[in-house]
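Structural overview
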Amino acid sequence: MISGLQIALKNAIDVIAPPATPLQDFTYHWKQLMNFYVNHLSDSKVPVETTSIPKHLDRLLELLLEEEKHGDEPGPCLEYLLQHRLLDLLATLASAETPPGMRLVCLSFLRRLLTRSKHPLLHHAAVYGPVQRLIAMCNGNLASPIENEEIQFLLCLCFLVCKYPHVTNIVNDSSNVRQESGILHCDYEKSEIEKVTYIPARKMNNANPLFKPLNTQAITLVNPDLFQTSRNQSFHNDSADKSIAQSEDSQENKPSKHIRNTSTRSNSSTQSSRSSRDVEIASRTSSPLTQKPNENIPNSVSEISDDTQETEHLYKVPEQVESSTYDPVIAALNDFKDLRISEEYASSNGDIKSRSSKHDITLSGPGSPEHSKCLLLDSLKSYVNSADNTIRIRACEGIMVLASLDDPFFAEIVAKSNLSAVLAKRLEVLFNLIPAHVEPGEIEDIEVTWALDSPPLLNEKKFPGCRRVAAFFMWLDFCAQLSREAHPDVAEVLAQNIRINFFEKVLTPALSAHHAVLITALITKCLKDIPCSPLSTEIGRWLVGQQRDPDIPDVWCSPVIHRLIDNCCTKSDDLTTETLKLFEEMIEKKDEHILHCLVLTYLNTRGYYDNSAADSAIASWSDEEDEREREKKGSMDISHGTSHSRTLAPSNIHRILNCFLSLVPRQLQTESDNNYGRYMGDWEKQYSMVVKNCALLAWPLEAVTLDDSGSSDSRPETDNSSSRFYPGPFLSMLLEKVSNIPKQKYDINLQLTVLISKLALLPHPYLHEFLLNPLIPLTSGKKSLFICLQRVVKQLMNEVPKIPNYKQALKETRLRLFDDCCQIDDSTVSESSARSKVEQILLESAIVTEEFCKELAAIAYVKYHHST
């Protein structure tokens, strides 16, 4: 019974007073939001959290999203929002930060509207204009308590641009956006705030009824003409205004009556319109915004109709009038309109900048840093130096999205921007913050990425300075990933600029500095961590130079290679070891340009080969191998996927193995059998990976002499060319270091043998022949790896037997170096410490040489097995 009465009562109420439509509800909440500024004429510093503004904005958003559920076409609420350009006013309120916290609320509202709406809104002029203004407000160079909301707003725009590529140029156009920053003049900034806060210039008497808030309709921006007035209707001819002002100057003191008439929005009375026009004239004659030279105003402005002028005059009030005739609400509406029109006029007239106020600073104006045409990118770049790691990573995500857009025109804009300079500068700053006392060995344990999945380094538990080292490598990882994911045009420019501005200008001089050991270790880590990308390619060019022709002896083109090789020959053992590690990493990259410039360009002519002994060398091959070679040439097919090389798999492999295994005499051997088989498994796995990585390098299959079938007249030229064979600075340094094995410390010798083993593992026929074939005929006076090892063994045989009880000492040294399970008693330790430093180096060198020969034999056999 009661429920029936309630239903009947509700139906009766609905008949008498029907429920509000969504548009009416939307309009109501917008009016309530604007009422705040009417009710807080003298108190505009109320925090926005304590007001009803957030609640009304949330309700507006709910209404906009709710109407999207009932159809695919835009609803009346959205049309109202776009038609009356409500977002323009919100952007103005956010710019003035009135009340405090309004910028945060506006950014959140617009971000949720753009991301949750199923309609693409960014292409609407009523949307992208306010969006551009809000983007310009997001400046990470200035401390802001709302930078989290700012970066979320920017990031959502990046993903919207990625989703709707057709709005890329609209959102990112910065040519018409004024910079909202702290460099604005204080007086200008104060005037802008006063425009929005509705604070009257003079103290008003609240008891006067004239200062009571007007009807809510006067501030709801319902009038569609308020923000839809065309550009031609925005400015008036000053000469016409002055003539009218002179003829009607007697009416300046009667504005209050007609201002009240505007609150009722009555345009029927001619006297009311005439009086409003008087008010507008008085306002224009006293306002500095309208005092511009006549010649700077377009001719079309003078053609504005009287009706249009009278419509605009409804929102004009004088600024310098008595308090009894001043209404702040109408003044605020007038200021809103003037502000928007001024911006639109500036955006459509290129020469308006010369007429604007000296405080109107554009993004590309004089006195400010050079910016790109990409407004969104410029704002994101300002956050890359943020102290908050999360903010910085979000900015990097946005930059990554923009740089990877598949739009050639936009990619050209990004490439011409100073993005690469910003990235390189931050890389330099982080590099300079790394403490000089960091141990080079600690750097290898740093494993970080630029994203949030990196381990937190909030303390210095690992080693002092680990946080700064990690910060540098995180940024380097971002630069590498950006060059890998970005548009090819952007990636190329980015990588080249980082190479020039950081690696060449910063790291090249640092290799000669006092802390060259740490610098070399950092470069090695950089090369190791950077994946295959344009940046890694540019680093390789920085290391070995871009010149691919062989260098002349003692005349090196690449300053970096020159410095690194010099560092390998210094008296600093640590610097030598670290430089050899860097060379090892360069070999591990399997970069064609690096390998070509280091070694291959010097060996491709086969100048090391004695052509006069070529016939006898070929005669040593078996008939079986010649038959296999003929079959290979007759059935060469790329589809088979495998190719056999006679150079890598010679028939006399057993003789090659015996050369290496018998090189060290039994007096110096610490094992009864030359067991090189324990190295086979490891080198087998490594060689499989090397062959896979080098499959696309287009290396030749066989080592052949140039002009092999030439006439006898060309033979002397070939022989003369062979006599001038130069292995290059890198191979020359390696062979020299091998010859000095008996005089070098164990760490250097160990790193040296590892480097040469990695080099010998490459499936290049000329390199293989020069390093792993002791039986080839060498040109007179030239040395190979095997010849250098022969000299080392001869020197060891002359010095090691002089050590007392050297055979036992060799065994003890082997146990100590290889850290076998056998326990070493105290007497052995004391005897080892009693030996001189020279004797210890000789014993360690003998062990290294023995094991190195076994490794070379294992590598030769592994390559032979794969090539048969």
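Our structure is the block above this text.
This one's a predicted model, so the numbers in the text were calculated from it and none came from an experiment.

Rules of the game
- Residues numbered from 1 in each chain as written.
- Predicted model: local features only at pLDDT ≥ 70, side-chain atom pairs only at ≥ 80, totals over all residues.
- Heavy atoms only, no water.
- Helix = DSSP H or I, 4+ residues; strand = E, 2+ residues; numbered from the N terminus.
- Buried < 20%, exposed > 50% of the residue type's maximum accessible area, 1.4 Å probe, protein only.
- Lys, Arg positive; Asp, Glu negative; His and termini not counted.
- Salt bridge = Lys/Arg side-chain N within 4 Å of Asp/Glu carboxyl O.
- Contact = heavy atoms within 4.5 Å.
- Phe/Tyr/Trp six-rings, centres within 6.5 Å; stacked < 30°, edge-to-face > 60°.
- Lys NZ or Arg CZ within 6 Å of the ring centre and 35° of its normal.
- Axes fitted to C-alpha atoms, helices over the stretch in contact; angles between N-to-C directions.
- Parallel < 35°, antiparallel > 145°, perpendicular 65-115°, else oblique.
- Left-handed = near helix turned anticlockwise from the far one by under 90°.
- Nonpolar A, V, L, I, M, F, W, Y, C, P; charged D, E, K, R; others polar.

Relative to the helices and strands, Arg426 is located in helix α19 (residues 419-432). Of the side chains with opposite charge, Asp388 lies nearest to the buried Arg426, which makes no salt bridge, at 11 Å. Residues within four places of Arg426 in sequence aside, it is in contact with Val384, Asn385, Arg392 and Trp475.

As a further point, take the packing of aromatic side chains. Here a ring pair, both rings aromatic, is described through the centre-centre distance and the interplanar angle of the planes. The full count for this structure, using the stated rule, is 17 aromatic pairs. The interplanar angle of 50° and the centroid separation of 5.3 Å between the aromatic rings of Phe503 and Trp542 together place this pair among those described as tilted. Residue Phe503 is located in helix α22 (residues 488-510), and its partner Trp542 is located in helix α24 (residues 534-544); the two are separated by 39 residues in the primary sequence. Among the aromatic residues, those joined into a ring-pair cluster are Phe431, Phe472, Phe473, Phe502, Phe503 and Trp542. The ring centre of Trp475 lies 5.0 Å from the NZ or CZ of Arg426, which sits over that ring. Above the face of the Tyr609 ring, Arg606 is positioned so that its terminal group lies 3.7 Å from the ring centre.

Now for the environment of Gly540. As for its placement among the helices and strands, Gly540 is situated in helix α24. Using a relative accessible area of 0% as the deciding quantity, one classes Gly540 as buried. Sequence spacing of Gly540 and Leu595 is 55 residues, and the spatial spacing of their C-alpha atoms is 9.7 Å.

The next subject is the packing of helix α31 (residues 680-693) against helix α39 (residues 837-867). α39 packs onto α31 with a crossing angle of 50° between their chain directions and a minimal axis gap of 9 Å. The orientation of α31 relative to α39 falls into the category oblique. Taken as a pair, α31 and α39 cross one another with a handedness that is right-handed. Counting all contacts with α31, which are made through Met680, Trp683, Glu684, Tyr687 and Ser688, the residues of α39 involved are Glu855, Ala858, Ile859, Tyr861, Val862, Lys863, His865 and His866. Here the contact of α31 with α39 is composed, by residue class, of seven nonpolar, three polar and three charged.

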